[in-house]
Every structure is written in C-alpha cells, then in structure tokens.
Amino acid sequence: MAFKRQIDRLPIIPADAKQHNVTCHYCIVGCGYHAYTWPINKQGGTAPDKNVFGVDLAAQQPAETDAWYPPSMYNVVKQNGQDVHIVIKPDHDCVVNSGLGSVRGARMAEMSYSEARNTQQQRLTDPLVWRYGQMQPTSWDDALDLVARVTATIIKDKGEDALFVSAYDHGGAGGGYENTWGTGKLYFEAMKVKNIRIHNRPAYNSEVHATRDMGVGELNNCYEDAELADTIFCVGANPLETQTNYFLNHWIPNLRGMTSDKKEEQLPGEEHPPARIVFVDPRRTVSINAAEAEAGPENVLHLAINSGTDLALFNAIFTHIVEKGWVDKAFIDASTKGFDEAVKANRMTLQEASEICGVSAADIEKAAQWIAEPKADGKRRRTMLPYEKGLIWGNDNYRTNAALVNIALATGNIGRPGGGCVRLGGHQEGYSRPSDAHVGKPAAYVDQLLIGGQGAVHHVWGCDHYKTTLNAHEFKRVYKQRTDLVKDAMSAVPYGDRDAMVKAIVEAIDKGGLFAVNVDIIPTKIGQACHVILPAATSGEMNLTSMNGERRMRLTERYMDPPGRAMPDCLIAARLANNMERVLRDMGDAAYADKFKGFDWKTEEDAFMDGYHQHEKGGEYVTYARLRAMGNNGFQEPAVGVEGGPAAAGSSQGGTTTGAQPGMVVGGPAIEGARGKEPVQQADTNAAAASVSDAGTERIIGTQRLYADGKFNTPDGKAIFKDSVWRGLQAPGKQAQKDKHKFLINNGRANTVWQSAYLDQENDFVMDRWPYPFIEMNPEDMAEAGIKQGDLVEVYNDAGATQAMAYPTPTARRGETFMLFGYPTGVQGNVVNAGTNELIIPNYKQTWGDIRKISDAPRNVAHLTFKPKEYRSA
Ligand code: MGD
Ligand code: F3S
C-alpha cells in the first residue's frame with residue numbers, strides 16, 4: 001500500500017514555545033529553519049495571543065500563509081530528559097530559502113530520534129564492543145580503553161602509518177567546524193596520520209585541486225549572483241534535485257525574468273536580456289525540464305555530450321571565445337597570467353569537439369555565444385558557471401576543472417555580480433583542521449592499501465565505504481576477511497582480561513587482520529565488520545556550526561537530547577585523546593602521552609573556540625553568542641570585523657559586506673577572546689536567550705563575493721590560466737570497460753533520498769518509493785532485454801555486480817542508464833572500477849556494464865508508479 005503518515009491532528013504551536021535557529025543539516029544550500037519546542041502536556045490555541053504565529057487560526061488562512069505545518073515537520077523528542085513537542089519548519093526570513101522547504105529538509109522532525117513516536121529507532125544509543133561472538137553494549141570508559149590500548153600499542157610498535165583513518169570533512173549532519181576540529185586535532189596534531197581518507201573518496205585530497213591551484217577558491221560567489229546572471233552555464237549538476245531551494249529560490253526567478261527590479265537596482269544602465277541557461281549533462285535531468293518549463297525552451301540549451309567529454313567541449317568554447325574577441329582583456333591583463341600559453345595549448349576547433357562530444361558544432365558555438373557574446377548594448381555578458389559531480393566525479397577531473405575556470409577567467413566572470421565559477425557543492429562545509437601538509441600530494445590511496453593488506457587499526461568516522469566507495473565489491477570482500485580474523489581472535493579470550501585481549505588482537509593483526517572502530521549515528525554496513533562502535537550525536541542534538549555554498553555561516557542550536565549516551569564527535573575525539581594520553585603514560589611513554597594534551601573540552605563550544613575561533617581566517621570575530629544573535633542569515637565567510645552593539649541596533653543586513661574595514665569593531669564591546677559560557681550539554685537548550693543578550697545587536701561583517709578586488713589566492717594575486725589538453729578517458733581501465741560493455745552506468749542522486757539513505761532506510765516515505773535503487777533505462781533497451789518496469793536487474797562488469805529496479809525513461813538515450821548511487825539495497829559502487837586520476841580523485845560517473853534480468857517486480861514494487869519524472873508547466 002502507498003505510504004501514509006498516520007496523523008489526523010497536530011497540536012498548535014503555543015505562543016511561548018521555545019524557538020531555536022536551525023540550518024537544514026542535509027544539503028549544501030543550508031536552508032534556514034526554526035525548531036519550536038514546548039512541553040508535552042501543553043498546546044497553543046486558535047486565538048492570536050495563544051499561538052506562535054500571532055494570527056486567528058479559527059479563520060481561513062491565505063494560500064501563502066506561514067501559519068501552518070505538515071506532519072513531516074512534527075515529532076515528540078526529549079529535551080533535558082523530558083518529552084517535548086517539536087516542530088521544525090522553514091524560516092520565511094532566511095535569505096537562503098525565503099520559507100521554502102525541500103522534500104529532505106521538511107522531514108527533519110520526522111527523521112529525529114523519538115521513543116514516543118518510534119522514529120529513527122535505528123540510532124545508536126550506547127558504545128558497543130565485539131564480545132562473545134556479537135556486538136554488546138558497554139560503557140564509554142570500557143570501549144575507549146580498548147580502542148586506546150590497541151591503537152597505542154600499534155602506533156608505538158609499528159608507527160603512526162599503521163593507523164588508518166576515514167573521516168568526514170563536511171558541515172551539516174555529523175560534521176561541522178566543531179567535529180572536524182576534534183578529529184583533525186587528534187589525527188593531525190597529536191599524531192601525524194598520513195593514511196587518511198575523506199567520506200566520499202579513497203584519499204585525503206581536494207576534489208577541486210585545479211581551481212585552487214589557479215588561485216580561485218571554489219565557493220567564490222553568492223546566491224544572489226544566480227539572480228543577476230545573464231547566462232548560467234551549469235555543468236554536470238542536477239540542481240532541482242540536489243540543491244533544491246537554491247535552484248527554486250534564486251535560479252528560477254531569474255529564468256522567469258522576475259528579478260528585473262534587483263537587476264535594475266544593482267546593475268543600473270545595463271541591458272537585461274531574458275536569462276538563459278546551458279546544461280552540460282549526458283542525460284536529460286528534471287532540472288532541464290524545469291528550466292524549459294519556466295524560461296521557455298528557447299532560453300535553454302542542453303548539451304547532451306558523450307559521457308566524460310566535458311574537457312573537449314570547454315576547450316572548444318574557450319578557443320571560440322578567444323577567436324571571436326569576446327574576452328575581458330582588461331581583466332585578463334590586470335588580474336591573470338598564462339593566458340597566451342593556455343590559448344595555444346588548449347586550442348580545439350568546434351568541429352573537433354563536436355566529434356568527441358557527440359553534439360553539433362552549431363550548439364557548441366551557441367553555448368559560446370550565450371556565455372560571452374557582448375550584449376546589444378555592448379556590455380559584457382554576466383555568466384555564472386556552476387558545476388558539481390558530473391565534473392568532479394568525472395573523467396580527468398583536474399584538467400576538466402581547469403578548462404572550465406579558464407573560460408570564467410577569460411570572460412572576467414569571477415568576483416563580479418552575476419558571475420562566479422563555483423562548485424554547487426553537496427553537503428555544507430565545516431572544515432577546520434590543523435595543517436594536513438604531511439599527508440602529501442598525491443595522497444595515499446587508502447582503500448587500495450587496505451585491500452592490499454596494509455594498515456593495522458582503522459578508525460572510521462561517519463563513513464560507510466561499503467556503500468559509497470569505488471571498487472566496493474572487492475573492498476568489502478577483503479575488509480570482511482581481515483576484520484573477521486580479529487573477531488575470531490577476540491572471541492577466543494575472556495573479554496575482561498584486557499591484557500590478553502590486546503595481545504590476541506595484535507597477534508591477529510600480525511597475521512593480516514585489521515582492528516576497526518566505527519564512530520557513527522546509526523549502525524552502518526561497514527560497522528557490521530567493526531569491533532567497537534561509538535554512538536555520535538547529530539545536528540540539533542548538539543550546537544553545530546557550518547557554512548553553505550555561498551560561505552554563509554550559521555549556528556544550529558541544540559534543540560533536543562542525543563539518543564541514550566551518544567555524544568558529539570568532537571567530545572568523542574577528545575575522550576579518545578584523553579584515553580590515549582592515559583594509556584601511553586601507563587606504558588611509560590610520557591613524551592608521547594604529552595602530545596595528547598589539550599583536549600580538556602567539556603562542550604562542543606570549547607572545541608569551536610579552540611579550533612575555528614583561534615585558527616580560521618576571521619575566526620577571532622566569531623563566537624556562538626554572535627552567531628546566535630545573527631540567526632538564520634548568519635554572515636558570509638570570511639569574517640572581516642564586527643559592527644553594531646547595543647547602541648547601534650539594526651545597522652546592517654546579515655551576511656552582506658558593509659563599508660566597514662577589515663578588522664574593525666564598530667560600536668560594540670571589544671572582542672571577547674573568552675571561551676564559551678554554556679557549562680554542560682544538558683543546559684544548552686536553555687542558554688540561547690542569555691547569550692543573545694550578551695552579544696547585543698553586534699553583527700559579524702562578512703564577505704559577499706571573493707576576489708571582488710581582482711586579487712586572487714596566489715602569491716602575486718594573479719589568477720593562473722592552465723594547460724588542459726584533452727587526452728580521452730584518463731582513468732585506468734575506463735576505455736577498456738567502455739569498449740567491452742553495452743551500457744553506460746551513469747549514476748547519482750534523487751530528490752527524495754539523502755546520500756546513502758543512512759536515515760532514509762528507516763523512513764517509510766522514502767523506502768516505500770524506492771525499495772530498491774532505480775536504474776533509468778530506455779524503453780527499447782528494456783524491451784530488447786525482456787525487462788519490464790519494476791523488474792529487478794543485475795548490473796555487472798569485471799569490477800563486480802549489483803542490482804537495481806528498472807525504471808523506463810523515454811528520455812534516456814539508447815545504451816545509457818542512470819542508477820541511484822550509494823543505496824543500501826543495491827550498491828552502485830560495486831561496479832565502479834578502481835581507476836582514479838593522478839591525484840586519486842575517483843571517477844564514479846564513467847562506468848560501463850551489462851544488464852540482465854533477475855526477477856519480475858517483487859511484491860514491494862508492485863504498487864509503484866513508473867510515470868516519467870518530468871513535469872509540464874500549467
Ligand atoms: P549527481 O546526481 O551526483 O548530483 O549534486 P549533483 O552533482 O547535481 O550528478 C549530477 C549529474 O552529473 C547527473 O545528472 C549526471 O547525469 C551528470 N553526469 C554524469 N556524467 C557526466 C559527464 O560526463 N559530464 C557531465 N557534464 N555530467 C555528467 C551532487 C551533490 O548533491 C552532492 S556532492 C551531495 S554530497 C549532496 N547529495 C544529495 C543527495 O544525496 N540527495 C539529494 N537529493 N541532494 C543532494 N545534494 C547534494
Ligand atoms: Fe535542506 Fe534546503 Fe537542501 S531544505 S536539503 S538545505 S535545499
């Protein structure tokens with residue numbers, strides 16, 4: 001039966017409900033929400049003074065009213081040990097989303113841990129250890145003692161290179177500046193761990209090395225630029241489904257021609273032609289469909305290139321723009337270097353690119369015109385060039401990224417209104433760590449080293465390689481073998497005999513075993529192989545800071561308790577460090593033990609002040625109190641000063657650069673370098689009001705756009721053009737795979753599903769729709785292989801095999817499929833081979849395989865619709 005939320009009545013939010021600032025902890029966009037909480041035995045009324053909206057709810061509300069909420073935004077959670085009602089609803093005053101929710105964010109409440117309403121009962125509540133042949137609950141002290149003793153023994157005997165680490169580097173759920181600092185300080189300061197990788201890739205590296213090497217940070221514009229652009233050149237991204245409210249609230253109005261006032265106001269005296277958009281993507285996405293419906297097909301150009309050929313396309317566009325003289329010469333002369341060399345090296349004709357990319361020369365020329373041909377009034381065209389995983393996880397990442405930035409630099413589209421060459425991003429950012437210089441470049445290919453038998457101890461923080469790595473089939477086979485060796489050894493000694501236990505584990509490691517520790521919020525697939533599991537808190541269960549895709553930093557205030565004895569990752573890292581110090585001292589190595597000092601944090605705010613506040617650019621201006629006072633609009637990083645104060649209330653808008661000079665503090669008290677005031681986690685939910693009044697009306701002054709002064713992130717301030725010569729499918733094994741197999745197994749995200757479905761797997765709304773990952777296929781290909789809608793198919797190649805549910809898609813080209821990535825009931829990574837680029841960036845998108853039917857549609861598929869996903873405008 002189709003999914004229904006079994007709720008017929010919801011309580012009214014009372015006027016005195018507590019209100020907390022919340023940044024949606026899912027995608028990069030970081031929409032503003034408010035969490036309202038109030039005691040379980042109370043509810044509001046319809047009279048204006050009885051409800052939080054201040055309106056008469058007995059009367060019919062207007063269509064666009066904010067005075068309501070749906071069941072997905074409601075739950076009952078614990079706050080300071082007591083049951084409370086909670087509603088998490090979008091904030092109309094947040095400049096990011098203006099009150100919009102997404103199908104993911106609008107479910108934050110129902111995705112919370114609730115004993116009263118049985119949601120997310122999968123959450124980890126207690127530390128677990130492998131004991132007597134199964135995972136058993138234990139105390140923090142017991143679990144951390146075991147982890148510390150094994151880890152300390154190994155790093156003393158074999159060196160720190162024997163400790164392997166997988167750790168997220170993001171903001172949002174489970175991440176944030178607090179937690180990345182916690183793990184960073186442990187592994188990069190107390191230790192110098194080199195064999196470390198990030199949550200979505202097998203090494204510790206930037207996904208966008210090239211743009212950084214060119215002096216152009218990848219998040220250089222602001223969301224308003226999408227409203228001011230004449231043209232958006234969108235590469236390898238599907239923003240309707242993956243950056244939903246950025247697309248809906250900032251792109252669509254421009255595509256509809258609705259922001260002319262803003263344009264008139266900010267770009268006076270310029271011609272404002274109808275906005276146009278180019279999509280570069282081998283498949284037709286719903287974003288393309290939506291853009292056509294809203295802007296009219298004449299303003300949308302889809303370059304459906306052959307998979308992995310973006311580089312050739314960009315070089316041809318670059319060459320054409322140069323030949324036509326549509327470059328921004330003054331900008332090139334003043335702010336860049338290496339232009340002439342790049343023009344020479346990257347030369348490619350429209351015809352050559354057409355043959356490689358499989359799109360017409362006329363369409364490539366049209367794209368070049370839309371990007372750079374001066375407007376009728378002779379003014380340069382403002383073009384924004386966003387990109388995401390179709391490029392980042394695509395063929396020849398480094399050069400392709402460089403080739404796109406070359407176009408942006410040549411046309412002067414960085415640091416200017418309506419411009420920006422930016423990654424669209426995935427999750428929010430929250431990176432704050434000591435230097436990682438010792439990791440080296442290229443960084444170690446950690447997953448391959450693990451497959452090759454290296455590493456003795458593996459600490460896994462919020463990553464699930466079993467679902468989200470490449471070469472996943474082989475990884476799982478070897479990882480299970482190696483961790484089973486240790487499990488068997490542990491089962492052979494009494495758990496309480498700690499010395500014997502550590503000895504048995506070390507002996508198993510010497511025979512090729514691996515001791516694995518998993519820190520997570522839920523039981524993961526890789527966690528099934530681990531020996532110790534530590535329960536973490538997530539966003540809302542702790543105070544958490546992060547920044548979004550326009551560098552907008554906010555504080556999500558703690559609004560509920562974590563489940564059981566779960567705690568913030570930064571405090572887990574601190575406790576692990578405390579235990580390492582104790583164990584090393586017991587082992588008689590005082591000098592080594594001393595390296596683990598400095599983790600005396602009691603709260604996540606302590607970690608924030610130790611990390612971000614002291615170490616990040618502009619961090620000295622940023623405190624929890626000030627962030628609280630700035631609400632859901634926050635400020636755009638980097639901070640350059642503070643203004644206002646009790647005497648200067650309301651003097652500026654959140655997040656916009658003002659006339660203040662870097663470093664200035666205007667009208668407020670001097671910067672407090674002091675540590676945070678909230679004493680313990682339990683009290684955090686009550687502390688907000690006090691902190692806000694301490695901060696008065698001070699505002700952190702931010703930076704709306706990077707490089708607005710034409711100075712880039714290089715020693716001489718000049719951005720660097722790069723050589724980016726086309727060399728075919730670059731990653732080892734890709735061309736051979738393509739030659740051998742019938743289908744492109746393109747892969748990526750879907751609107752309803754968040755990442756590897758780690759929370760969604762326990763949410764009926766999502767699992768009812770996608771019991772198995774879909775694979776979009778051309779109906780004629782399906783007919784030829786005897787496959788019907790909903791049938792289970794096997795996808796296979798030399799790297800491995802997986803399964804999916806066939807979804808007929810008339811717009812899919814023959815021989816080209818698209819499979820939902822990272823899904824628990826069919827892992828696409830099983831068929832991605834081990835090939836990466838030279839800097840160990842994975843190439844997930846270019847994958848080929850064969851497909852055969854396994855079975856007719858199973859029972860839990862029978863009720864599903866297989867209608868095309870496209871919509872038509874009214
Ligand atoms: P993907 O679906 O991975 O998402 O956001 P996106 O990058 O927008 O890939 C985008 C497109 O790349 C696909 O349409 C695919 O057809 C195309 N592509 C494949 N091969 C090529 C190629 O050779 N060239 C080009 N130009 N394009 C190609 C990812 C982003 O989404 C990320 S990184 C994260 S972490 C977040 N995850 C996420 C989620 O899990 N669910 C939802 N709903 N939203 C999310 N937002 C974020
Ligand atoms: Fe959340 Fe907004 Fe993204 S609601 S999932 S941040 S589009």
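Quick caveat: nothing in here was measured; it's all calculated off a predicted structure.

Here is what the cut-offs are and how they apply
Residues numbered from 1 in each chain as written. Chains lettered and ligands numbered in written order. Predicted model: local features only at pLDDT ≥ 70, side-chain atom pairs only at ≥ 80, totals over all residues. Heavy atoms only, no water. Near = heavy atom within 4 Å. Polar contact = N/O pair within 3.5 Å; in protein donor to acceptor, adjacent residues only side chain to side chain. Areas by Shrake-Rupley, 256 points an atom, 1.4 Å probe, with all protein chains shown as cover. Helix = DSSP H or I, 4+ residues; strand = E, 2+ residues; numbered from the N terminus. Nonpolar A, V, L, I, M, F, W, Y, C, P; charged D, E, K, R; others polar. Pairing = 2+ DSSP bridges. Axes fitted to C-alpha atoms, helices over the stretch in contact; angles between N-to-C directions. Contact = heavy atoms within 4.5 Å. Buried < 20%, exposed > 50% of the residue type's maximum accessible area, 1.4 Å probe, protein only. Expected span 1.5 Å × (residues − 1). pLDDT = per-residue confidence, 0-100. Salt bridge = Lys/Arg side-chain N within 4 Å of Asp/Glu carboxyl O. Parallel < 35°, antiparallel > 145°, perpendicular 65-115°, else oblique. Left-handed = near helix turned anticlockwise from the far one by under 90°. Phe/Tyr/Trp six-rings, centres within 6.5 Å; stacked < 30°, edge-to-face > 60°. Lys NZ or Arg CZ within 6 Å of the ring centre and 35° of its normal. Disulfide = S-S within 2.5 Å.

The local shell around ligand 1 holds 34 residues, among which Thr242, Asp281, Asp310, Val753 and Gln755 are the closest. The contact in question runs from a nitrogen atom of ligand 1 to an N or O atom on the backbone of Gly236, over 3.4 Å. One of the side-chain N or O atoms of Arg283 is found 3.0 Å from an oxygen atom in ligand 1. Surface burial for ligand 1 is 99%, taken as the share of its 910 Å² of free accessible area covered by protein chains. Of all the secondary-structure elements, those providing two or more residues to the shell around ligand 1 are helix H5 (239-242), helix H14 (389-392) and strand S25 (743-748). Here the shell around ligand 1 is built from residues that sort into nine nonpolar, 16 polar and nine charged.

In this section: the sheet that holds strand S11 (residues 300-303). Spatial ordering of the open sheet is given by S11-S10-S9-S13-S14, a layout of five strands whose pairing is parallel. A single partner strand is all that each edge strand has here, and the edge strands are S11 and strand S14 (421-423). The sheet shows a mean angle of 15° between the axes of neighbouring strands, direction not considered. Here four bridges tie strand S10 (residues 276-280) to S11, and the two strands are oriented parallel to one another. Across the sheet, the residue bridging to Val278 is Leu301, located in S11. Across the sheet, helix H8 (residues 286-295) touches S10 and S11, and the angle it forms with S11 is around 160°.

Here we take up the environment of Thr400. Structurally, the position occupied by Thr400 is in helix H15 (residues 397-410). Since its relative accessible area comes to 3%, Thr400 is described here as buried. C-alpha of Thr400 to C-alpha of Phe314: the two residues are 86 residues apart in sequence and 7.8 Å apart in space. When sequence neighbours within four positions are dropped, the list of residues in contact with Thr400 reads Asp310, Leu311, Phe314, Leu391 and Asn395. There is a polar contact of 3.1 Å between the side chain of Thr400 and the backbone oxygen of Asn395.

Bringing the pairing of strand S30 (residues 848-855) into the picture now. As paired elements, S25 and S30 share two bridges and run antiparallel to each other. When the bridges of S30 are listed, Phe743 appears paired with Gly849. Sheet topology places strand S27 (residues 792-797) next to S30; five bridges connect them, and they run antiparallel. Its bridge partner being in S30, Glu794 is matched across the sheet by Arg852.

For helix H1 (residues 140-158), with 19 residues, the first-to-last C-alpha span of 26 Å sits near the 27 Å given by 1.5 Å per residue. The element H1 is extensively covered by neighbouring structure, given that 14 of its 19 residues are classed as buried.

This brings us to the sheet that holds strand S8 (residues 196-197). Reading across from one edge, S6-S5-S17-S16-S15-S7-S8 is the order of the seven strands in this open sheet, with mixed pairing throughout. At either margin of the open sheet sits one strand with a lone partner, and together these are strand S6 (134-137) and S8. The pairing of strand S7 (residues 163-167) with S8 spans two bridges and is classified as parallel. Its bridge partner being in S8, Ser166 is matched across the sheet by Arg197.

Attention now goes to the confidence of the model for the chain. Averaged over every residue, the pLDDT of the chain is 93; residues scoring 70 or more account for 93%. Across residues 647-694, confidence stays below pLDDT 50; counting only partners more than four residues off in sequence or on other chains, it has 102 contacts.

With the rule as written, the count across this model stands at 63 salt bridges. Residue Asp561 pairs with Arg558 through a salt bridge whose shortest N-O separation is 3.0 Å. Here Asp561 and Arg558 have matching classes, each one buried. Three or more residues joined by partner-sharing salt bridges are found here, namely Asp142, Asp145, Arg149, Arg498, Asp499 and Arg582.

Turning our attention to the packing of H1 against helix H20 (residues 569-586). Viewed as axis vectors pointing N to C, H1 and H20 meet at an angle of 60°, and their least axial separation amounts to 8 Å. Relative to H20, H1 is oriented oblique. When you trace H1 past H20, the crossing you get is right-handed. Here H1 contributes Trp140, Leu144, Asp145, Val147, Ala148, Arg149, Thr151, Ala152, Ile155 and Lys156 to the contact with H20, which in turn contributes Ile572, Arg575, Leu576, Asn579, Met580, Arg582, Val583 and Leu584. Here the contact of H1 with H20 is built from residues that sort into eleven nonpolar, two polar and five charged.

So, about unusual backbone geometry. Cis rather than trans, the peptide bond between Lys441 and Pro442 has omega equal to 0°. Mapped onto the elements, Pro442 comes out in the loop between S14 and helix H16 (446-451). Of note, the amide linkage connecting Glu637 to Pro638 takes the cis form, showing an omega dihedral of -5°. If you trace the backbone, Pro638 turns up in the loop between strand S20 (635-636) and strand S21 (641-643).

As a further point, take the packing of aromatic side chains. Scanning the model with the defined rule gives 28 aromatic pairs in all. Consider the rings of Tyr246 and Trp251, whose centres lie 5.6 Å apart with planes at 85°: the pair is edge-to-face. Considering the side-chain rings of Tyr592 and Phe596, the 6.2 Å spacing of their centres and the 40° angle between planes classify their relative orientation as tilted. The residues Tyr592 and Phe596 share a single accessibility class, namely buried. Each member of the aromatic cluster is reached from another via a ring pair, and the members are Trp770, Phe774, Tyr807, Phe818 and Phe866. Arg769 extends its terminal NZ or CZ atom over the ring of Trp770, reaching a point 4.3 Å from the ring centre.

The next subject is the site of ligand 2. Near ligand 2, the surroundings consist of Cys24, Tyr26, Cys27, Gly30, Cys31, Tyr33, Ser102, Arg104, Gly105, Thr244 and Asn245. Residue composition of the shell around ligand 2, by class: five nonpolar, five polar and one charged.

Turning next to the pairing of strand S18 (residues 544-547). The side-chain alternation of S18 yields two buried faces, one formed by Leu544 and Ser546 and the other by Thr545 and Met547. Pairing between S18 and strand S19 (residues 552-556): four bridges, direction antiparallel. Looking at S19, one finds that Thr545 is bridged to Leu555.

The subject of this paragraph is the side chain of Asp781. Looking at where Asp781 falls in the secondary structure, it is placed in helix H27 (residues 779-784). By relative accessible area, which is 3% here, Asp781 ends up buried. At a separation of 2.6 Å, a polar atom in the side chain of Asp781 contacts the side chain of Arg814. There is a polar contact of 2.7 Å between the side chain of Asp781 and the backbone nitrogen of Gly815. When neighbours within four sequence positions are excluded, Asp781 is seen to be in contact with Phe743, Arg813, Arg814, Gly815 and Glu816.

The subject of this paragraph is the state of the cysteines. Inspection of every chain in the model, using the stated rule, returns zero disulfides. Of all cysteine sulfurs, the one in Cys234 lies closest to Cys357, which takes part in no disulfide; the gap is 17 Å. Overall, Cys357 belongs to the buried group, its relative accessible area being 0%. Unpaired in terms of disulfides, Cys421 finds its nearest cysteine sulfur in Cys234, a separation of 12 Å.

Let us look at the side chain of Thr231. With respect to the helices, strands and loops of the structure, Thr231 is situated in strand S9 (residues 231-235). A residue is classified by how much of its surface remains accessible, and Thr231, at 0% relative accessible area, is buried. In terms of polar contacts, Thr231 uses its side chain to reach the backbone carbonyl oxygen of Trp370, at 2.7 Å. Once residues within four sequence positions are removed from consideration, Thr231 is found in contact with Arg276, Trp370, Ile371, Arg381, Arg382, Thr383 and Met384.

With respect to the helices, strands and loops of the structure, Ser546 is situated in strand S18. Sequence separation between Ser546 and Val235 is 311 residues; the distance between their C-alpha atoms is 25 Å. Dropping the residues within four chain positions of it, Ser546 is found in contact with Gly171, Gly172, Tyr177, Gln428, Glu429, Arg552, Met553 and Arg554. Of note is the side chain of Ser546, whose polar atom sits 2.8 Å from the side chain of Gln428.

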